[in-house]
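# Chains, contacts and geometry: an overview
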Amino acid sequence: MKYSILSDIFKKLDSTTKRLEMIEILIELFNKTPIENFRHVIYLTSGKIGADYKNLDFGFADKMVIKVIAKAVGKPVKQISDLYKQIGDLGEVAELLIKETGQQHLGAFFQTTTSKQKNSLTIEDVWNNLHKIVNTEGKGSASKKTNILLGMFSEASPNEAKYITRTVLTQLRLGVKDLTIIEALSRKFGDGKEARVKIERAYNVTSDIGEVGEVLARNGMEGIEKITIQVGRPIRMMAAQRMASIEEILEKLGGECALEFKYDGERVQGHILNDDVSLYSRNLNEISSMYPDVEKALKNSLKSKDIIVEGEITAWDPVDEKLKPFQILMSRKRKYGINEAVQSIPVKVFLFDILYIDGESLLEKSYPQRRKILESNILDNDIIVLSSRKIVSSPVLFEEYFENAIENGCEGIMAKDTRDETQYQAGNRGFLWIKHKFDYSESFADSYDFIVVGGFYGKGRRKGTLGTLLMAAFNAEEERFETVCKLGSGFTDEDLAKVTEDLMKLKVEQRPKDVISKMTPDVWIQPTKVYEIQGADLSTSPIHTCALDEIKKDTGIAIRFPRFIRFRDDKNPDQATTTSEIINAYKNQRTKNR
Ligand code: AMP
């Protein structure tokens, strides 16, 4: 399959923000794709060359790509940088210049290495070259990567060069999310809604949209229904809803529920097969290298050698035998000196779920059944323990347990539904788990996870840094980011330095397509980073776009007096607080205040 077919589709996708049109365009793409290319085409449309959890990194920065474009079109680097400043998208710069100048001189440059003609790139060529780029490491790797990209430019049409450039910069920005791809797949291979539920299940179990697409192309819906858990492949994690009132939680869960401590650490999904252990974070990154002690402990403290469990890794003070705050655990997040960190920051893992054991998926079992299996599989040890738990059916006992959790250094409690229909809902945020945190009981201070979409430069002492950030909630139905507040307080100087360093790498020249904003910040930021913030309350706002028109025409909902609490590097943007949660919180607040 020619890459030009895909890049022409990219161009069409680029020209629309409407989800339905995107779905139609994707179906057109699938109709043109041979079975053997399905996987490639799906990954490439998401700007990737593998499942998200594989952490594949092209390692290209703007400057490197500018140099490659300069070489490809035989123009000075300065000219490319100036054009980039003007246009704001290196993909478009590459397209424009290759259109203008062609790559004639590159023909000479590559005479000995390629006899291929312009427009001859296939999907396999691009795929293989992108993999080579990712796999090129160590000394001299920058120039090797550069040459591979130059090689692709020498064969690319202007439009192809545009999308190759954006891909290696991880800025494809077509606005195509995995759920949009799933919708298109379910229309192509099934009858819509029913097929979508099955495809979504397969996606949640594999966390791999390319795999799902390939299975559909090869074996249709029958193949999809056979997809099951594999140890070593993370399962998209179940999430919790939030509720502020204890009475309401009890009512929602049928008058009785299990309460567990809500430990304030990092969620972990542990996959064990004999001697192999992989640990995955909430956003499905492999975190095994940061927790060698947890790896070892898991291997030795579970009865089965073929098992997937979930829990919360928490910093632990072994002298006083108590939990330590989340911030302490975050100092484990380093590449070097892990062995020292293991000594200086001991941890415990509080297991609260089990998803698979000895060849059998437990996802369909109820929560009480899973808990029982988990309890009977833990061997006595120092690091791996069960989450604390109690069944309650009265508000008084609920409150008592909640206070006990806070006194023990937890964030609050997780209330879990104990009825029969309580399967593990992979990738879903439902009411089977309801979180109730300390701040929810204080009407003036609720906490949210928002995505940074823009920044404003600071003044005075904060000059040169991003002093205020434009934050957004995630609209899960429309798959877009809607602004909800400007965040400027609560940061320490250290936080601000990290904010600027992290965010400037994600700066983009134009408003990303999936960001909806009435405001124009000094810089736009690719929606990637999630920060936890606390706000006084929610109010309607004419300048923010979260829940626009939902409460009042031309008006959104905003958080008043937001304060930064902490970085949430363990969360992806689609795991942030959603627009519908904000609408619910706003309505609840109104009822409470009446
Ligand atoms: P939040 O991050 O505020 O949406 O809260 C959900 C998170 O609480 C989960 O992803 C876990 O990381 C964490 N958590 C802590 N203790 C528990 C528990 N006992 N059961 C489930 N999740 C827990």
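Criteria and thresholds
Residues numbered from 1 in each chain as written. Predicted model: local features only at pLDDT ≥ 70, side-chain atom pairs only at ≥ 80, totals over all residues. Heavy atoms only, no water. Helix = DSSP H or I, 4+ residues; strand = E, 2+ residues; numbered from the N terminus. Contact = heavy atoms within 4.5 Å. 1 Å grid on protein atoms, 1.4 Å probe; cavity = no way out; pocket = protein on both sides within 12 Å on 5 of 7 lines; lining within 4 Å. Points joined across faces, edges and corners; volume = space filled by probe spheres on them. Nonpolar A, V, L, I, M, F, W, Y, C, P; charged D, E, K, R; others polar. Domains from an automatic or database assignment. Near = heavy atom within 4 Å. Polar contact = N/O pair within 3.5 Å; in protein donor to acceptor, adjacent residues only side chain to side chain. Sits in = over half its atoms within 2 Å of the grid points. Salt bridge = Lys/Arg side-chain N within 4 Å of Asp/Glu carboxyl O. Buried < 20%, exposed > 50% of the residue type's maximum accessible area, 1.4 Å probe, protein only. Axes fitted to C-alpha atoms, helices over the stretch in contact; angles between N-to-C directions. Left-handed = near helix turned anticlockwise from the far one by under 90°. Pairing = 2+ DSSP bridges.

### Examining the environment of Lys-507
- Relative to the helices and strands, Lys-507 is located in strand S16 (residues 507–508).
- Excluding residues that lie within four positions of it along the chain, Lys-507 makes contacts with Gln-171, Val-523, Trp-524 and Ile-525.

### Quick word on empty space enclosed by the protein
- All chains considered together, the criterion is met by four cavities of 30 Å³ or more.
- Taken as a whole, the largest cavity encloses approximately 370 Å³ of empty space.
- Lys-262, Arg-267, Arg-282, Glu-312 and Met-414 are the residues nearest the centre of the largest cavity, which is lined by 24 residues in total.
- Looking at the lining of the largest cavity element by element, the count peaks at four residues for strand S12 (residues 429–437).
- Taken together, the residues of the lining of the largest cavity break down into eight nonpolar, one polar and 15 charged.
- The residues that make up the lining of the largest cavity include at least three from each of domain 3 (239–436) and domain 4 (447–593).
- Size it by volume and the second largest cavity reaches roughly 60 Å³.

### Quick word on the site of the ligand
- Surveying the vicinity of the ligand reveals 15 residues, the closest of which are Glu-260, Arg-267, Arg-282, Glu-312 and Lys-435.
- Contact distances for the ligand include 3.0 Å between a nitrogen atom and a backbone N or O atom of Phe-261.
- At a threshold of 2 Å from the grid points, most atoms of the ligand map onto the largest cavity.
- Secondary structure elements with two or more residues in the shell around the ligand: strand S2 (257–262), strand S11 (412–416) and S12.
- Taken together, the residues that form the shell around the ligand break down as five nonpolar, no polar and 10 charged.

### What to know about the pattern of salt bridges
- Summed over all chains, the structure comprises 45 salt bridges.
- Across the salt bridge formed by Glu-183 and Arg-187, the nearest N and O atoms sit 3.1 Å from each other. Of this pair, Glu-183 and Arg-187 both sit in helix H11 (residues 178–189), four residues apart, which is roughly one turn of that helix.
- In this structure Arg-187 comes out as partly exposed when scored by relative accessible area, which is 35%.
- Between Arg-566 and Glu-411 there is a salt bridge, with the nearest N and O atoms lying 3.5 Å from each other. Here Arg-566, found in strand S22 (residues 563–567), pairs with Glu-411, found in the loop between helix H19 (395–407) and S11; they are 155 residues apart in sequence, far enough to count as distant. The same class applies to Arg-566 as to Glu-411, namely buried.
- One continuous salt-bridge network, built from bridges that share partners, spans Lys-262, Asp-264, Glu-411, Lys-437, Glu-532, Arg-566, Arg-568 and Asp-570.

### Description of helix H10 (residues 158–168)
- Most of H10 is tucked away, with 11 of its 11 residues classed as buried.
- Contacts from the buried residues of H10 go to helix H1 (3–14), helix H4 (62–73), helix H6 (90–101), helix H8 (123–135) and helix H9 (141–155).
- Directly beyond the C-terminal end of H10, a positive phi value near 50 degrees is found at Thr-170.

### Topic: the packing of helix H3 (residues 38–45) against helix H13 (residues 209–226)
- Between H3 and H13, whose axes approach to 8 Å, the crossing angle comes to 145 degrees. For the pair H3 and H13, the sense of crossing is right-handed. For the pair formed by H3 and H13, the contact residues are Phe-38, Arg-39, Ile-42 and Tyr-43 on the first element and Ile-209, Gly-210, Glu-211, Gly-213, Glu-214 and Ala-217 on the second.
- The class makeup of the residues in the contact of H3 with H13 is five nonpolar, two polar and three charged.

### What to know about the domain arrangement of the protein chain
- With domains assigned, the protein chain is organised as domain 1 (3–168), domain 2 (178–224), domain 3 (239–436) and domain 4 (447–593).
- Measuring from the centre of the C-alpha atoms in domain 1 to the corresponding centre in domain 3 gives 42 Å.

### Digging into the pairing of strand S13 (residues 446–457)
- Across the 12 residues of S13, 11 count as buried, placing the element largely inside the fold.
- As judged from the six bridges shared by S13 and strand S19 (residues 530–535), these two strands associate in the antiparallel manner. Counted as the bridge partner of Phe-450 is Tyr-531 from S19.
- Where S13 meets strand S14 (residues 466–475), six bridges bridge the pair, whose relative direction is antiparallel. The partner of Ile-451 across the bridge, within S14, is Ala-472.

### Focus on the sheet that holds strand S1 (residues 239–242)
- Judged by pairing direction, the sheet is mixed, and its five strands sit side by side in the order S1-S12-S11-S2-S10 without closing on themselves. For this open sheet the edge positions go to S1 and strand S10 (389–392), each flanked by a neighbour on one side alone. Strand-to-strand twist in this sheet, taken as the mean axis angle between neighbours without regard to direction, amounts to 40 degrees.
- Alignment of S2 against S11, held across five bridges, turns out to be antiparallel. If you follow Leu-259 over to S11, its bridge partner there is Ala-415.
- This element, H19, spans S2, S10, S11 and S12 of the sheet and lies at about 135 degrees to S11.

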